[in-house]
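These are the residues of each chain, in order.
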Amino acid sequence: MLHGHGDDIHKFRNITINFSSNISGKTDLSGLYRHLTKRMECVAAYPEPEPSGLEAQIAAMYGIQPDEVCVTNGATEAIYLIAQAFRGMKSYVLQPTFSEYADACRLHGHTVKSIYSPDNIDDNADLVWLCNPNNPTGEVSPENKLKELIKKHPSVCFVIDQSYEDFTYKNLFSAAEAVEMPQVILLHSATKRYAIPGLRLGYITTSAALLQRIRIQRMPWSVNALAIEAGYFLLQENLPALSLFSGVHSTEPYTENISQSDAIPPLPALDELLAETECLRNAIENLKIAEVWPTDTHFFLLRLRIGKSALLKKYLAEEHGILIRDASNFEGLDDSFVRIATQTPEENSLLIKALEAWKISFTY
């Protein structure tokens, strides 16, 4: 994984616009910074060995029980804990997708089989891993079809990574639905929702019986004190107000009280984000340099008609200070694929101009 992650901005100088990460680079975290600054004394003491207080508050927001929530050091820890809990079993991974599912399974002795359609799922699998919305395609597997699959394969455990659940209007499983299904494990990411990748904060929701099997794999203090404090602040009291057209989305407090029985609501300006995504997709399509794949969220794939993904990435980085995701290392994709995550309208326009220049460089 260490050399396969998309956001490798550290390898480049003078990058001013980052389209390679599915996390917004224009997030105003000043409210969180002020809160954590006031609570810095927490680093002088051990946090809870298990973040049970934060788990209880997340459970209350979803209307489920605390023993149906497990807070983790990012969604990635959740992936590895699940693979460890089911060590030595047979896992199917719906490709192309995030490489950590297969990596974690191989680390813990799973037999891993890549599949490219839900129709390839059979009862020989112990676990099926899928991302919904999927990274890198942005596609959402319909909720009703997933329910049919789960019902059809009662002996198979479905691990569904919903890290991007707040960035689509498509129907997905709720935490309350998941805990009622004895073979479904949902993954959630505060990292993605609040743009805090450095803090590493995710969580699992599933039935208490399944979660007990997973929870005992978690090492003590895997979630640090600052991440727990941020979780209280972000998940309980402050929700981000996204505004692409002001260039930021803010974690400043809402004025209204948030009912603990309510699930975390969708981002307020998701319609703007998805509308801007469609504008960007259309603009790239009009350049006729790539096939633009459909998406149900704010990131999408391009299949280049000219050049290779690595060369385009190098050109944009060096000539325009723009970073994109070379998607050639996703299983099932080749060196013609790149992934783009929508940014502000102004930044998207700069990307289109840079791609026009790339096109011209191939014409002459």
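Preceding this paragraph is the structure being described.
Colleague: Just give me the short version of the side chain of H298, but keep the residues and values in it.
Modeller: Position of H298 among the secondary structure elements: in the loop between β12 (290-292) and β13 (299-304). Taking relative accessible area as the criterion, H298 reaches 4% and is therefore assigned buried. A distance of 3.0 Å separates a polar atom in the side chain of H298 from the backbone oxygen of N22. The contact partners of H298, leaving out residues within four places of it in the chain, are N22, Y164, F167, L273, L274, T277, I340, A341 and T342.

Colleague: Talk me through the pairing of strand β9 (residues 202-206); I want residue IDs and the actual numbers.
Modeller: Burial analysis of β9 places five of its five residues in the buried class, the great majority of the element. Side chains G202, I204 and T206 of β9 all project onto a buried face; the interleaved residues Y203 and T205 project onto the opposite face, where all are buried too. The sheet contact formed by strand β3 (residues 69-72) and β9 spans four bridges and is antiparallel. What sits directly across from C70, in β9, is I204.

Colleague: How would you explain the pattern of salt bridges if you had to name every residue and give the values?
Modeller: The final tally for this structure, using the stated rule, is twelve salt bridges. In this structure, the salt-bridge partner of D166 is R193, at a minimum N-O distance of 2.8 Å. Of the two residues, D166 is situated in the loop between β7 (157-161) and α6 (175-179) and R193 in helix α7 (residues 190-194); the sequence distance between them amounts to 27 residues. The two residues D166 and R193 agree in class, both being buried.

Colleague: Which residues make up the nonpolar core, and what values do they have?
Modeller: One finds L32, I58, I64, V71, I196 and L201 to be the most contacted residues of the largest nonpolar core, which totals 26 residues. With six residues, the single largest contributor to this core is helix α9 (residues 225-237). If we skip the residues at most four places from it in the chain, I58 touches V69, V71, Y203 and L235. Core analysis: the next-biggest nonpolar cluster, separate from the first, contains 24 residues, C70, Y101, A104 and W129 among them.

Calculation criteria
- Residues numbered from 1 in each chain as written.
- Predicted model: local features only at pLDDT ≥ 70, side-chain atom pairs only at ≥ 80, totals over all residues.
- Heavy atoms only, no water.
- Helix = DSSP H or I, 4+ residues; strand = E, 2+ residues; numbered from the N terminus.
- Buried < 20%, exposed > 50% of the residue type's maximum accessible area, 1.4 Å probe, protein only.
- Polar contact = N/O pair within 3.5 Å; in protein donor to acceptor, adjacent residues only side chain to side chain.
- Contact = heavy atoms within 4.5 Å.
- Pairing = 2+ DSSP bridges.
- Salt bridge = Lys/Arg side-chain N within 4 Å of Asp/Glu carboxyl O.
- Core = buried A, V, L, I, M, F, W, Y, C linked by side-chain atoms within 4.5 Å.

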